Amino acid sequence: MLLEPQNLSREIIKMSLFKNFNFDKLKNGLSKTRNKIVNSINEAVTGKAVIDNITIDKLEEVLVTSDIGFDTTEKIIEQVRVSLKSEKDRSEVSIITVVKNELVKLLNQNQNNGGDYTNHKPYIILIVGINGAGKTTTIGKLANNYKKIDCKVIVGAADTFRAAANEQLDIWAERAGVDIIQRGKGSDPSSVAYDTVKKALDDKYDIVLIDTAGRLHNKTNLMNELNKIKRVISKLVPDAPHQTLLVIDGNTGQNAIVQADEFSKVTDLSGLVITKLDGTAKGGSVFQIIANQNVPVKYIGVGEGIDDLQEFDAQAFVNAIFVSDIYANETT
Ligand SMILES: Nc1nc2c(ncn2[C@@H]2O[C@H](COP(=O)(O)OP(=O)(O)OP(=O)(O)O)[C@@H](O)[C@H]2O)c(=O)[nH]1
Ligand SMILES: [Mg+2]
């Protein structure tokens, strides 16, 4: 069944754990990325009654320069050629449909629905990532979302490296109306994590979110610290953390893959959160990240507000990028 964007968003609301999916917000957030990708595609294909090889070459150029990456683009173009060969309709709309379908297929690889919070109590989520990626903000947003579905939530301020880190998380905890465990700057991050999980067990919390530092004296320290946090909390809950989410700034582009590789070496990542997609034209890098990682994208950040975190949905993401006057009713 084909869905119009407005119906599509309604469908997704029904399926989502979080209630704040808003197609317009996603669409607006991705406007810079859309301008970069879709406007160029339009320029390449508009007005062509028949899509010829020159047009396909232009399309290839557009995709490669849209942070989608060379290998990924090659796969898409290959598919475009195959599909168009067998299609009688070689119009601009059909080429867009093929590209969109290929992009959705790509985004859906490695996606899984694992990590159901209802199977564990408390459900423990560790948030990692380099400094400034958006970890603390994402915790605030996640806390808010879980709170809204009536979970009892506690956050642990295990970023004890920066003095301001505590205060920042404290502000988010207050906004979301959830509890927090914090100690002073310089205290042992693992002991903060331990105390948070202990309190969650004692007082029957549903969700534990643990913030971590993005920078320590050096990278080895940081990675050792993350390892230690994991070891310490698994003394209390052997299969914890139930999720380890790597937060990546959507502006990062190619380097995102390097970050994911580095963190994967020390900790099993269960998902990625890609933030700041609202401020960047580099949203195309989401395709490249997914093409190069075995880890699913769980959430995307589309603004600085508490409601600006969305569960990642491949079809909605591609539709939001491709929504334009020309293709508004064309949602495969
Ligand atoms: N526009 C936009 N800004 C965001 C988003 N997520 C985070 N930010 C901003 O990014 C900046 C850094 O976010 P933090 O949450 O402090 O990042 P962090 O990873 O905790 O950083 P450190 O604690 O220094 O390691 C803040 O100014 C946030 O408001 C998003 O989805 N969109
Ligand atoms: Mg932080």
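Above this text you will find the structure in question.
Quick caveat: nothing in here was measured; it's all calculated off a predicted structure.

Calculation notes
Residues numbered from 1 in each chain as written. Chains lettered and ligands numbered in written order. Predicted model: local features only at pLDDT ≥ 70, side-chain atom pairs only at ≥ 80, totals over all residues. Helix = DSSP H or I, 4+ residues; strand = E, 2+ residues; numbered from the N terminus. Buried ≥ 20, exposed ≤ 12 C-beta atoms within 10 Å, placed from the backbone. Contact = placed C-beta atoms within 7 Å. Pairing = 2+ DSSP bridges. Axes fitted to C-alpha atoms, helices over the stretch in contact; angles between N-to-C directions. Arc of directions from axis to C-beta. Near = placed C-beta within 6 Å. Nonpolar A, V, L, I, M, F, W, Y, C, P; charged D, E, K, R; others polar. Right-handed = clockwise from strand over helix to strand, strands pointing away.

Novice: Hey, could you go over the overall build of the protein chain for me, with residue numbers and the actual values?
Specialist: Helices and strands together make up the secondary structure of the protein chain, namely 13 helices and 8 strands. Out of the 332 residues in the protein chain, the part that is buried amounts to 45%. For the protein chain, restricting intrachain contacts to residue pairs at least 6 apart in sequence, the fraction spanning at least 24 positions comes to 75%.

Novice: So what about the sheet that holds strand E5 (residues 243–249)? Which residues, and what values?
Specialist: In spatial order, the strands read E3-E2-E4-E1-E5-E6-E7-E8; together these 8 strands make up an open sheet with mixed pairing. Only two strands of the sheet have a single neighbouring strand rather than two, namely strand E3 (179–181) and strand E8 (309–311). The sheet shows a mean angle of 25° between the axes of neighbouring strands, taken without regard to direction. Sitting on the sheet, helix H8 (residues 163–176) is in contact with strand E2 (153–158), E3 and strand E4 (207–212), with an inclination near 170° to E2. Its contacts with the sheet place helix H11 (residues 255–266) against strand E1 (123–128), E5 and strand E6 (271–275), and it is angled at close to 155° to E5.

Novice: Give a detailed account of H8, specifying residues and quantitative values.
Specialist: Taken residue by residue, H8 has Ala165, Asn166, Leu169, Trp172, Ala173 and Ala176 as its buried positions. Taken down its axis, H8 places every buried residue within 130° of arc, on the same side. Opposite the buried face of H8, by more than 90 degrees, sit the exposed residues Ala163, Ala164, Glu167 and Glu174. Contact partners of the buried residues in H8: helix H7 (135–148), E2, E3 and E4. Following H8 by one or two positions, glycine 177 has its phi on the positive side, about 70°.

Novice: Lay out the site of ligand 1 with the relevant residues and their values.
Specialist: Within the structure, ligand 1 sits among 21 residues, and Gly134, Thr136, Thr137, Gly214 and Gly301 are positioned closest to it. Here the shell around ligand 1 takes 3 residues from H7, the largest share from any one element. Its residues assigned to classes, the shell around ligand 1 shows 4 nonpolar, 11 polar and 6 charged.

Novice: Outline unusual backbone geometry, listing residues and values.
Specialist: Omega for the peptide link from lysine 121 to proline 122 comes to 0°, which places this bond in the cis form. Relative to the assigned elements, proline 122 resides in the loop between helix H6 (92–108) and E1. Note the cis peptide between alanine 240 and proline 241, where omega equals -5°. Residue placement: proline 241 occurs in the loop between helix H10 (219–236) and E5. Positioned with a positive phi, aspartate 67 is a non-glycine residue whose angle comes to about 65°. Positioned with a positive phi, aspartate 150 is a non-glycine residue whose angle comes to about 70°. Among the structural elements, aspartate 150 can be located in the loop between H7 and E2. Residue classification places aspartate 150 among the exposed residues on the basis of 8 C-beta atoms within 10 Å.

Novice: Account for the pairing of E2, with residues named and values stated.
Specialist: Taken residue by residue, a regular strand's side chains alternate between the two faces of the sheet. Among the 6 residues of E2, 6 are classified as buried, and the element is accordingly described as predominantly covered. Of the two faces of E2, the one lined by Val153, Val155 and Ala157 and the one lined by Ile154, Gly156 and Ala158 are each fully buried. Sheet topology note: the E2/E4 ladder contains 6 bridges and is parallel. Bridge pairing in E4 links alanine 157 to aspartate 211. In this structure, E2 lies alongside E3, joined through 3 bridges in parallel fashion. Note on E3: the bridge partner recorded for isoleucine 154 is aspartate 179. Each parallel crossover has a hand, and for E2 linked through H8 to E3 it is right-handed.

Novice: Got a sec to walk through the environment of glycine 47? Specific residues and values, please.
Specialist: Turning to its location among the elements, glycine 47 is positioned in the loop between helix H3 (31–45) and helix H4 (53–64). Taking the C-alpha atoms as reference, glycine 47 lies 9.1 Å from serine 91; in sequence the two are 44 residues apart.

Function cannot be read off these values alone, since they describe shape.
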